[in-house]
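Each chain, letter by letter, is given below.
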Amino acid sequence: MSAKKEATLPPLKAKKNKSEDDDDTPPPKEKFVPKVWTSFQKTESDLRKMAPQQRSRYLAYEEPPKDIAAVQGNTLKRLRDLKKGYEKEHAPIPGEVITEKDKHAKLIGQLKAAEARNRLRIMRLRYQANRAQEINHLISCQPSALKSVRLQALVPATQENRNKGDTLDKLDRHRVEGLLEDTQGLLTNRIT
């Protein structure tokens, strides 16, 4: 007859208050502090005998020397400063500034377009003046007055505006339209 031993579990911890039961917040996390085990500590000669990978694994859990810790601190500080500077430079631009920049860019574009139009107008006037000067020089260099008058009639020094607009008044326009619509020639044929 074998007697069965019953396994007994440790008793559950009783809850102290109902107010603690309602608060489901976990306990605050503590910063991890690595523990240096003195039983595994190696001497300098043992460290030198280790392979480089094994030595780096072992030294990863050791506290770094003071000079290396200072350099690491400086590096972290420099990285934090760089991050702050980047965030300052690339901060989101407010909407008012964007609209003002758009207005300014539009104004600059309009000014540049006006300057380009002015340059084209000046260039066109310079070309016309040079052309008129050359034609007048050719006319004055003709061997006879008859040839110069003929050249002046055929090649005018300045171009005349051919598009002068409508020179007819309402009555004349009505009469011209009537003559054009007369296909049988009743208005223009004379009966003799």
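Bear in mind the structure is a predicted one, so any value in this text is a computation, not a measurement.

Engineer: Tell me about the overall build of the protein chain, and please be specific about residues and values.
Structural biologist: What the protein chain contains, in helices and strands, is seven helices and zero strands. Counting helices and strands in the order they occur from the N terminus, the protein chain gives α-α-α-α-α-α-α. With 192 residues in all, the protein chain has 5% of them scored as buried. Counting contacts in the protein chain only where the partners sit at least 6 residues apart, residues at least 24 apart contribute 17% of the total. Accessible area of the protein chain: about 19,900 Å², with a carbon and sulfur share of 57%.

Engineer: I'd like to hear about helix 5 (residues 95–140), residue by residue, with values.
Structural biologist: Taking 1.5 Å as the rise per residue, helix 5 with 46 residues should run 68 Å; its terminal C-alpha atoms sit 68 Å apart, in good agreement. By the burial criterion, the buried members of helix 5 are Ala 132, Ile 135 and Ile 139. On its buried face, helix 5 is in contact with helix 6 (145–154).

Engineer: How would you sum up a nonpolar patch on the surface? Please name residues and give values.
Structural biologist: Judged by side-chain polarity, Leu 76, Leu 79 and Leu 82 come together as a nonpolar surface patch covering roughly 300 Å² of accessible area. Inspection of the secondary structure puts Leu 76 in helix 4 (residues 66–89). The class for Leu 76 is partly exposed, based on a relative accessible area of 47%.

Engineer: Talk me through a positive patch on the surface; I want residue IDs and the actual numbers.
Structural biologist: Among the surface-exposed residues, Lys 77, Arg 80, Lys 84 and Lys 88 lie close enough to one another that they form a single positively charged patch. Note that Lys 84 resides in helix 4. On the accessibility criterion, Lys 84 (56% relative accessible area) is exposed.

Engineer: Help me get a handle on the side chain of Asp 182, residues and values and all.
Structural biologist: Relative to the elements of secondary structure, Asp 182 occurs in the segment after helix 7 (170–181). If we skip the residues at most four places from it in the chain, Asp 182 touches Leu 187 and Thr 188.

Engineer: Give a description of the confidence of the model for the protein chain that names residues and reports values.
Structural biologist: Atom-level detail of predicted coordinates should not be read off regions where pLDDT is low. Predicted confidence across the protein chain gives a mean pLDDT of 83, with 79% of residues reaching 70 or more. At the low end of the mean pLDDT range in the protein chain sits helix 1 (residues 18–22), at 51; at the high end sits helix 5, at 95.

The rules we used
Residues numbered from 1 in each chain as written. Predicted model: local features only at pLDDT ≥ 70, side-chain atom pairs only at ≥ 80, totals over all residues. Heavy atoms only, no water. Helix = DSSP H or I, 4+ residues; strand = E, 2+ residues; numbered from the N terminus. Buried < 20%, exposed > 50% of the residue type's maximum accessible area, 1.4 Å probe, protein only. Contact = heavy atoms within 4.5 Å. Areas by Shrake-Rupley, 256 points an atom, 1.4 Å probe, with all protein chains shown as cover. Expected span 1.5 Å × (residues − 1). Patch = residues over 30% accessible without salt bridge, like charges linked within 9 Å, V, L, I, M, F, W, Y side chains within 5 Å. Salt bridge = Lys/Arg side-chain N within 4 Å of Asp/Glu carboxyl O. Lys, Arg positive; Asp, Glu negative; His and termini not counted. Charge placed at Lys NZ, Arg CZ, Asp CG, Glu CD. pLDDT = per-residue confidence, 0-100.

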